[in-house]
Amino acid sequence: MIDLHTHSSRSDGTDTPAQLVAQAAEVGLTTLALTDHDTTAGWDEAVEAARQHGIALVRGAELSTRHAGGSIHLLAYLFDPAHDGLRAEMDAVVHDRLPRLQRIVERLAEDGFEITWADVEAQLGTGRRTPSRPHIADALVAKGYAQHRDEIFRRWLHHGSRYYVPYYSIDTVTAIGLVRAAGGVPVLAHPFASRRQRAVAAESLPELVEAGLAGIEAEHRDQNPEEQALARRLATEHDLVVTGSSDFHGDGKLNRLGEYTTSPESLERIEALASGVTPLLRP
Ligand code: AMP
Ligand code: FE
Ligand code: FE
Ligand code: ZN
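Residues numbered from 1 in each chain as written. Chains lettered and ligands numbered in written order. Predicted model: local features only at pLDDT ≥ 70, side-chain atom pairs only at ≥ 80, totals over all residues. Heavy atoms only, no water.

Caption draft 1: Representation of the coordination of the iron ion (ligand 3). Protein coordination of the iron ion (ligand 3) is provided by Glu62 (OE), His73 (ND1) and His190 (NE2), with donor distances spanning 2.0 to 2.3 Å. Along the chain, the residues donating to the iron ion (ligand 3) are arranged with the sequence spacing E-x10-H-x116-H. Here the iron ion (ligand 3) and the iron ion (ligand 2) are spaced 5.5 Å apart. Of the two residues, Glu62 sits in strand S3 (residues 56–67) while His190 sits in the loop between strand S6 (185–188) and helix H8 (205–211), which places them 128 residues apart along the sequence. Take Glu62 and His190: they sit in the same class, and that class is buried. (Donors = N, O, S within 2.8 Å, 3.2 Å for Na, K, Ca; no water. Helix = DSSP H or I, 4+ residues; strand = E, 2+ residues; numbered from the N terminus. Buried < 20%, exposed > 50% of the residue type's maximum accessible area, 1.4 Å probe, protein only.)

Caption draft 2: Summary view of helix H1 (residues 17–26). Regarding H1, the residues found buried are Pro17, Leu20, Val21 and Ala24. Take H1 and look down its axis: the buried residues cluster within an arc of 95°, on one side only. Buried residues in H1 make contact with strand S2 (31–34) and helix H2 (43–53). Remark: Gly28 follows H1 within two positions and exhibits a positive phi of approximately 95°. (Arc of directions from axis to C-beta. Contact = heavy atoms within 4.5 Å.)

Structure below.
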């Protein structure tokens, strides 16, 4: 069982990389990809844990990008974490996230929510590299505004909400080029998930393929059967790798490890497309 999209507490998951890998082994995954938002900070700990638990590890990240006015999440696998250009862009995204979250908190406070920046800081804890909206949600849950992140998002933090503030991100075309330059494999994350964001327009795809896009995530909880079918059809049309994954965030989301999976053939294609600087680690 292969799950190529998961998050640890280095970004907005709730399990440390080691706990995440342990759970993956426990539920019977044979290959896990760690894809924290905009960071590789969890890689070393995950490598150690994967060796201990005897499962294969794909080191990756989920990059925040934008294209044609919309936000696009780009999964990047097996890239060189020391590549200057890619590293610089990931750092820039991470650094802009903090002032952006502070602005969201200000807007909430202006509207009467009892929340301060210190409340969010308390949720970030240690070892967190990528602060994001879920940490504001955690602070609001701690204050009793709802039981779970999910409800906070539905009511106040979703993309169309009056509290939403955008943050620095590079164009998807540029990001795809950088991932390729760093020897990695770029795959669109949940591109047609209309229920969570403005979906990627199918018309944008040729341009992204031209830039070096390698794959599309089709099976994902946030894409309905029609959206999954569209992803598979476009993948066939453009000769792209198809993946399916959980997008597990620990207790932060309802998504369960291994709820959607990727075929061994797709994983082989991803591995073959990577330069080998950051190899797929096998037990
Ligand atoms: P940001 O990158 O700061 O804009 O925050 C986006 C993150 O919020 C995504 O990575 C998701 O993991 C998370 N998210 C979006 N919707 C929900 C939800 N309904 N419940 C929990 N987390 C969510
Ligand atoms: Fe997330
Ligand atoms: Fe995502
Ligand atoms: Zn994700």
